[in-house]
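Coordinate inspection notes
These are the residues of each chain, in order.
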Amino acid sequence: MHRTLTTAASPRPTTSSNRARATGPAGSPALARRCAVGVVALVPLLLGALTTPAGAVGNEADTGDVVVTNTETVSAKLDATGKLREARIYEQIALTGTGSTQIVNPVSTKNLRNLDGFAALDVSDGNLVTTVSVDGERRLRSVSDFDKDLPLGVEVTYLLDGKEVAPGKVVGKSGTLEVRYTVTNLTSREQDVTYDDGTGTQVTSPAVTVIPMIGQLVTILPPSFTAVTSGEASLAGDGHGGTRMTFQMTLFPPIGSPTAEFGYTAQVSGAVVPPATITALPVSPLASPSFKGGSASYKAGAESGVALTAGAIEIDANLLKLRDGAAQLLDGLVQLRAGADELSAGLNDDAVPGADQLAAGAGAAKAGADKVAAGALSAQTGAGQLSAGALAAQSGAGQLAAGALAAQTGAGQLAAGSDLLTNGLTQASGKAPSLLSGLTQVDAGLAKVDAGLAQLAGSIATVPAQADPLHVGIAKMRTAISGRLLPGLTSVHDGLTVAVQGSGTIAAGVAGVSTQVECAADKLTELSKGSGAATGCHAAAGTLPEPDPVRAAALEGVITELRTSQLTLANPAAGAASLNASLTGMQGSLGTLKAGSQSLLCGISVASSPLCPTTDAAGAPVLGLLEGINQVDGGITQLVTGVVGGVQQAVGSATDTAAQGTLRGGIHSVQGGTGQIAAGGQTLVAGLGELGAGASALRDGAGRLVTGTGQLATGAGTLATGAGQLATGAGALATGTGQLATGAGTLAAGNGKIAAGATELANGLGDAADGSALIADGLGQAADSAPALVDGAQQLSDEGTSQLVVSGGKTASDYGVKYAVIAAGADRAVDEGMAYGAPEGAAGATAYSIDIAGVDGDGKNSAGRGLAALALFAGGAGLAGLVRRRLS
């Protein structure tokens, strides 16, 4: 079969003892009005808590189609300080449909009583077990002692003229009275919650959660309380000179707080302690229309923090790559500077002096050749002179060979240094693009952050649209109140008016009938006796018959019955029961109900009747439920608009700079700095390219210099050998002077060329030495500047992006923990929201009605005596019907 569990309020039956207690102080009109207000206020809370199971579980013995409704309602009585006196729980199972079903409902078994009769209840393992047959509608109701701890703790303190006093000490006093209420959600516990810390890591940490509870406290202050003020309550007149105060409570974080503190101050004369009533129930912040939007805001805040942290981590990683690339560039520059210093030393210390020696040797060789020519021209002067000249030529050739070898060594050093220079510049050129690529990634990351902020500003702009369901819900509530509740209550009020009039008419008719019956009894008495007055209601024409014992005996029984019926209809004795007295009492009760329905109409809307007061005793406007809903609708619009404007102003626009103090302004300033670094990097790449080309040319020239000096050394060695042969062949000189003159001229010409080449080599090596010194100086400056790039990238990471990562992580963690607490509370509301639980496979809800006793003028405590709970339970049938309509 089909079983469905829904929630509704449990009606509490009115027994004779209850009716007797209702005549005491708790039955005052002010308290009755407070109960009515509590019922009206709790109706939307109960409707918001309604749940329907996704898949109901049936019993094999179930047949037909029966819809099951379950509710737990806890009614607690506290003394004037908030200390618990007693608590009961009312269970109601409402069944609708046709068929049979087995009910297994968890209950408190302490002093368990059946409210539907005197039959015993079947209890097994803490469950009420019964099989019920239904054809239409049927209810099962029970009451027992509430043997658990209340989820709410209440503490009330009283200060008279600034001094804390006991409640009984307030009675009859005059002065300034301050009353403070502290209501605490006692379901808190520490449990592990899981959230994203902003880096993509799911973190589990302990947090305090509660079963989310909402509710309100209502109290009516008598007319003797004047100059009433409160920083937390809604104040309104009660239509009888008193002040109605309503305190709303959201008893769960982070939307509210586990503890609510509130109160009021008043000038009192002949004071009393007014009673108060708390109505509360658990609620899921993820499912409740009133809190679903706030929960979604915390979830969106956590997601934004995660996105911000991810972008900041990416930027910081790219900055660290930039730092590492700059460090590698610094190493290359240091190597280049070392190679340039070595090249400069080789050129200045070896190559340039060697070239100078080569030039000097070439000049000496030319001088020797000239001497040889002169000797050849004067060969006839003697072989001795020729021998001397040959020895001089041999000496010059040796010097030439030594200079050529020195030049070859310097050229080799030049080639090695230029090769190191070329390699160093090549490494630097290879690292520079990584630097520029890192800067490009940094700029792209900043652009993503800026786009994310722009998206955040755009997303927050959609919040007003997300508030539309609230406005729609309020409009539906307004329509339901105006179109259904108010017309229906008006009809009830009109019906009570007709009933009052009708009961009066019936009472008058019964009195008339009673008079006629009395008249008939008198008439029969005269007929029985044969004597009596012939006037009055039973005046008869003619004379009475003679007395007749038989007739008298027959009429005696009829007369007795008439007398008894007349007393049943209307008994003139004081306090005697009769139909006329019952009708008169009913007329008074109907009049009281009529007055109560008028107060309820005014509580719903002051425009519902011209009898409703529009201002209180202080002249302030009095609002009904319908007018209050309209003000809540406008307040939601103002709240959403203010939040959206504040977030968009903090994010800023696409044209902001750091001077505007916005998030996007700061990002734009950082982007400008990375652009300047990138431009400097491009200039560095171009300079390294030029240095590389010059170093390559220097390496090629040094190679050719090594080859030339080697050939020069070889020629000088050959020259020395020839000079030796010349010295040894001096004897043959005499015969070959002609040939010698020709060879000497050729030698002089060759030595002139060698001298000119050696001079050019010396000049070129001097220029190379100057250039190598400039290269060394430039590389030194570059190496000295490069650490600033490394330090700047590290500083930007330490002071900029790392802090942004920390800030984003804190935001993600803060909102993540808060949303995780909300989600954990929603789970607890589902799993632990009921005091004892519902039948298996079905959902249910628990409502709490807590009466805080007052202290009256006799010094005795006076409480609501369950009237608020009674009124709440009395509305259960209507709510159950509404539940069925919602499920159909």
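Residues numbered from 1 in each chain as written. Predicted model: local features only at pLDDT ≥ 70, side-chain atom pairs only at ≥ 80, totals over all residues. Heavy atoms only, no water.

Summing up its helical and strand segments, the chain has 13 helices and 20 strands in all. Taken across its 888 residues, the chain has 41% of its residues classed as buried. Long-range pairs, those at least 24 residues apart, make up 77% of the contacts in the chain with a sequence separation of at least 6. Element-wise, carbon and sulfur atoms account for 58% of the exposed surface of the chain, whose accessible area totals about 41,700 Å². (Helix = DSSP H or I, 4+ residues; strand = E, 2+ residues; numbered from the N terminus. Buried < 20%, exposed > 50% of the residue type's maximum accessible area, 1.4 Å probe, protein only. Contact = heavy atoms within 4.5 Å. Areas by Shrake-Rupley, 256 points an atom, 1.4 Å probe, with all protein chains shown as cover.)

Another aspect to go through is the state of the cysteines. For the coordinates displayed, the defined rule picks out one disulfide. Disulfide pairing places C602 opposite C612 at an S-S distance of 2.1 Å. Where C602 bonds to C612 through sulfur, the torsion about that S-S bond is close to -90 degrees, and the disulfide is left-handed. Taken together, the residues C602 in helix α8 (residues 579-604) and C612 in the loop between α8 and α9 (625-651) connect sequence positions 10 residues apart. Taken individually, C602 and C612 each receive the classification buried, so the pair is uniform in this respect. (Disulfide = S-S within 2.5 Å.)

The end-to-end C-alpha distance of helix α6 (residues 468-529), which contains 62 residues, comes to 89 Å, matching closely the 92 Å that a straight helix rising 1.5 Å per residue would cover. For α6, the principal kink sits at I481 and spans about 35 degrees. (Expected span 1.5 Å × (residues − 1). Bend = angle between axes of the 7 residues up to and from the residue.)

Before going further, it helps to examine the nonpolar core. Within the largest apolar cluster, 45 residues are counted, with the highest numbers of intra-cluster contacts made by F146, Y181, L217, F225, F262, I278 and I852. Apart from residues no more than four positions distant in its own chain, I278 is found in contact with V154, V183, Q216, L217, M249, Y848, S849, I850 and I852. (Core = buried A, V, L, I, M, F, W, Y, C linked by side-chain atoms within 4.5 Å.)

Right, let's talk about the pattern of salt bridges for a bit. One pass over the full model with this rule turns up 10 salt bridges. For R478, the salt bridge is made with D633, and the minimal N-O distance between the two is 3.3 Å. Of this pair, R478 sits in helix α6 while D633 sits in helix α9, and the two are 155 residues apart along the sequence. The salt bridge involving E832 is made with R828; its shortest N-O contact spans 3.1 Å. Here the residue E832 and the residue R828 both occupy positions in helix α11 (residues 737-832), the gap between them amounting to four residues, near one helical turn. Residue classification places E832 among the partly exposed positions, given a relative accessible area of 29%. Given a relative accessible area of 5%, R828 falls into the buried group. Each of R189, R828 and E832 takes part in a single network of salt bridges with overlapping partners. (Salt bridge = Lys/Arg side-chain N within 4 Å of Asp/Glu carboxyl O.)

Attention now goes to the pairing of strand β6 (residues 127-145). As paired strands, strand β3 (residues 84-106) and β6 are joined by 19 bridges and run antiparallel to one another. When the bridges of β6 are listed, E91 appears paired with S142. Across two bridges, strand β4 (residues 113-114) lies against β6 in antiparallel orientation. Residue R113 lies in a different strand from β6, and its bridge partner there is V143. Relative to β6, strand β5 (residues 123-124) runs antiparallel, the two being bridged by two bridges. Bridging across to β6, S124 finds its partner in N127. Here β5 hands over to β6 after two residues, with D125 in that stretch at a positive phi of 55 degrees. (Pairing = 2+ DSSP bridges.)

Under the defined criterion, the tally for this structure stands at six aromatic pairs. Its end group placed over the ring of Y836, K148 keeps NZ or CZ at 4.4 Å from the ring centre. Geometry around Y815 places K818 over its ring, the cationic atom sitting 6.0 Å from the centre. (Phe/Tyr/Trp six-rings, centres within 6.5 Å; stacked < 30°, edge-to-face > 60°. Lys NZ or Arg CZ within 6 Å of the ring centre and 35° of its normal.)

Okay, the sheet that holds strand β7 (residues 152-160) next. Read across the sheet, five strands follow the order β8-β7-β9-β16-β13 without closing on themselves; strand pairing throughout is antiparallel. Edge positions in the sheet fall to β8 (163-165) and β13 (226-229), since each of these pairs with one other strand and no more. When strand polarity is set aside, the average angle formed by the axes of neighbouring strands in this sheet is 25 degrees. Here strand β9 (residues 175-185) runs beside strand β16 (residues 259-268); their pairing, made up of 10 bridges, is antiparallel. (Axes fitted to C-alpha atoms, helices over the stretch in contact; angles between N-to-C directions.)

Before going further, it helps to spend a moment on the environment of A812. By secondary structure assignment, the location of A812 is in helix α11. Looking at A812, the relative accessible area reads 0%, which means it is buried. When the C-alpha atoms of A812 and E303 are compared, they prove to be 6.9 Å apart, with 509 residues separating the residues in sequence. Ignoring sequence-local partners within four residues, the contact set of A812 consists of D196, D197, G198, A302, G305 and V306.

The next subject is α9. Relative to the 39 Å expected for 27 residues at 1.5 Å per residue, α9 spans 39 Å between its end C-alpha atoms, a close match to the ideal helical length. Immediately beyond the C-terminal end of α9, within one or two residues, lies G652, with a positive phi of roughly 90 degrees.

We now examine the side chain of S597. Along the chain, S597 falls in helix α8. S597 gets classed as buried once you look at its relative accessible area, which sits at 6%. Within polar-contact distance, the side chain of S597 engages the side chain of H493 at 2.7 Å. A distance of 2.7 Å separates a polar side-chain atom of S597 from the backbone oxygen of K594. (Polar contact = N/O pair within 3.5 Å; in protein donor to acceptor, adjacent residues only side chain to side chain.)

Here the focus is the side chain of D197. Of note, D197 is situated in the loop between β10 (189-196) and β11 (202-209). Here the side chain of D197 touches T199 through a polar contact of 2.7 Å, side chain to side chain. Contacts of D197, omitting those with residues within four sequence positions, involve V203, G809, A812 and S813.

Glancing now at the confidence of the model for the chain. Taken as a whole, the chain shows an average pLDDT of 80; of its residues, 84% reach a score of 70 or greater. Segment residues 50-57: pLDDT under 50, and 24 contacts once partners within four positions in sequence are set aside and those in other chains are kept. For residues 864-888, every residue scores under 50 in pLDDT, and the model assigns this stretch 64 contacts once sequence neighbours within four places are set aside. (pLDDT = per-residue confidence, 0-100.)

The subject of this paragraph is unusual backbone geometry. With an omega of -5 degrees, the peptide bond running from P253 to P254 counts as cis. The residue P254 is located in the loop between β15 (243-250) and β16 in this model. Positioned with a positive phi, N111 is a non-glycine residue whose angle comes to about 55 degrees. One can find N111 in the loop between β3 and β4.

Once that is clear, we can look at the pairing of β10. Sheet analysis places β10 next to β11, joined by eight bridges and oriented antiparallel. Considered in β11, the bridge of R189 is made with T209. Taken together, β10 and the strand that follows it, β11, pair antiparallel across an intervening segment of five residues, in which G198 is found at a positive phi of about 105 degrees.

Before going further, it helps to spend a moment on the packing of α6 against helix α7 (residues 549-569). Put simply, α6 and α7 touch, their axes get as near as 9 Å, and they point 160 degrees apart. By the angle between their axes, α6 is roughly antiparallel relative to α7. Here α6 runs over α7; the crossing is left-handed. Touching V510, V513, S514, V517, E518, A520, A521, D522, L524, T525, L527 and S528 of α6 are R551, A552, L555, V558, I559, L562, R563, Q566 and L569, all from α7. (Parallel < 35°, antiparallel > 145°, perpendicular 65-115°, else oblique. Left-handed = near helix turned anticlockwise from the far one by under 90°.)

Moving on, we come to the packing of α6 against α8. Direction vectors running N to C along α6 and α8 enclose 160 degrees, while the axes themselves pass 9 Å from each other. The orientation of α6 with respect to α8, classified from their angle, is roughly antiparallel. Remark: the crossing between α6 and α8 carries left-handed chirality. Here the residues of the contact of α6 with α8 are counted per class, giving 18 nonpolar, 11 polar and one charged. (Nonpolar A, V, L, I, M, F, W, Y, C, P; charged D, E, K, R; others polar.)

In this section: the environment of V632. Checked against the element boundaries, V632 lands in helix α9. Judged by its relative accessible area of 47%, V632 is partly exposed.

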